[in-house]
Amino acid sequence: MAAGEVVSRFRRALVEQYIAGDEITVGIVDAQALPPICVRPRQPFYNYRAKYEDSQTEYLFDAGHPPELLRRAQELSVRVFAALGCRHLGRIDWIADPTGRLWFLEVNTIPGFTSHSLVPKAAARLGIGFDELVERLVLLAMQDPKP
């Protein structure tokens, strides 16, 4: 549906600029950034089908981005996580445009958490197995004072 049709039907629309580039996602566990993952769908957009149905979507640790860009994504992700008062677990998503500029997309405060999800994949890259990751998160939650 075109923006004009949306406005006609609902009286307003949110329009965002399309930013070409790679999606970079950074998991956060206990205020520490995990290794960034580059998401490269084979479809034009990273949508439901590309995420859950298309086995050709790539999730890459070594996607050819400069190390400085990846470090910056990690640093900014930790800052966003803290600024929003998030605790224990989250995932911050970015677009890295062709010039190397990072564009903030969103914070996922309840990211997918199966053995095939991105945060556990990033933790595994650091040698943290799924069971250990679950245990860490449980212990962190138990240490929190009650609100």
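To be clear, the structure that these remarks concern was listed above.
The rules behind each value
Residues numbered from 1 in each chain as written. Predicted model: local features only at pLDDT ≥ 70, side-chain atom pairs only at ≥ 80, totals over all residues. Heavy atoms only, no water. Helix = DSSP H or I, 4+ residues; strand = E, 2+ residues; numbered from the N terminus. Contact = heavy atoms within 4.5 Å. Core = buried A, V, L, I, M, F, W, Y, C linked by side-chain atoms within 4.5 Å. Buried < 20%, exposed > 50% of the residue type's maximum accessible area, 1.4 Å probe, protein only. Polar contact = N/O pair within 3.5 Å; in protein donor to acceptor, adjacent residues only side chain to side chain. Phe/Tyr/Trp six-rings, centres within 6.5 Å; stacked < 30°, edge-to-face > 60°. Lys NZ or Arg CZ within 6 Å of the ring centre and 35° of its normal.

Trainee: Describe in detail the overall build of the chain, supporting the description with residues and values.
Mentor: Helix and strand content of the chain: five helices and six strands. Secondary structure of the chain in N-to-C order comes out as α-β-β-β-α-β-α-β-β-α-α. Oriented by its inertia axes, the alpha-carbon framework of the chain measures out at about 50 × 40 × 30 Å. A separation threshold of at least 6 residues defines the contact pool for the chain, and within that pool the share at least 24 residues apart is 50%.

Trainee: So what's going on with the nonpolar core? Residues and values would help.
Mentor: Note on soluble globular proteins: their nonpolar side chains tend to be buried together. Core analysis: the largest hydrophobic core is formed by 16 residues, its most contacted members being I24, V26, W94 and L102. It is helix α3 (residues 67-83) that provides the largest number of residues to this core, a total of six residues. In this structure L102 touches L69, R72, A73, L76, W94, I95 and A96, once residues within four positions along its chain are discounted.

Trainee: Outline the environment of M1, listing residues and values.
Mentor: Turning to its location among the elements, M1 is positioned in the segment before α1 (3-10). Judged by relative accessible area, which is 64%, M1 ranks as exposed. The spacing of M1 and T25 is 24 residues in sequence and 29 Å in space, taken between C-alpha atoms. Setting aside residues no more than four positions away along its own chain, M1 makes contact with V6 and R9.

Trainee: Before we move on, could you go through the side chain of D93 and cite the residues and values that matter?
Mentor: Structurally, D93 is set in strand β5 (residues 89-96). One polar contact links D93 to T25, side chain to side chain, over a distance of 2.6 Å. Ignoring anything within four residues of it in the chain, the contact list for D93 reads E23, I24, T25, W103, F104, L105, E106 and N108.

Trainee: An account of unusual backbone geometry is needed here, citing residue identities and associated values.
Mentor: One non-glycine residue, R11, lies in the positive phi region at around 75 degrees. Mapping R11 onto the fold places it in the loop between α1 and β1 (22-29). Within the chain, A31 stands out as a residue other than glycine whose phi angle is a positive 65 degrees. Mapped onto the fold, A31 is located in the loop between β1 and β2 (32-33). Overall, the relative accessible area of 45% leaves A31 in the partly exposed class.

Trainee: Can you lay out the packing of aromatic side chains for me, pointing to particular residues and giving the numbers?
Mentor: Summed over all chains, the structure comprises four aromatic pairs. Note on Y46 and Y59: the rings are 6.5 Å apart at their centroids and 75 degrees apart in plane angle, and the pair reads as edge-to-face. Taken together, the residues span a long stretch of sequence, with Y46 in the loop between β3 (37-40) and α2 (48-53) and Y59 in strand β4 (residues 58-60) at a distance of 13 residues. A centroid spacing of 5.5 Å and a plane angle of 75 degrees characterise the contact between W94 and F104, whose relative ring orientation is edge-to-face. Of this pair, W94 sits in strand β5 while F104 sits in strand β6 (residues 102-108), and the two are ten residues apart along the sequence. By relative accessible area, which is 4% here, W94 ends up buried. Judged by its relative accessible area of 42%, F104 is partly exposed. Across from the ring centre of W103, 4.1 Å away, lies the NZ or CZ of R101, which sits over that ring.

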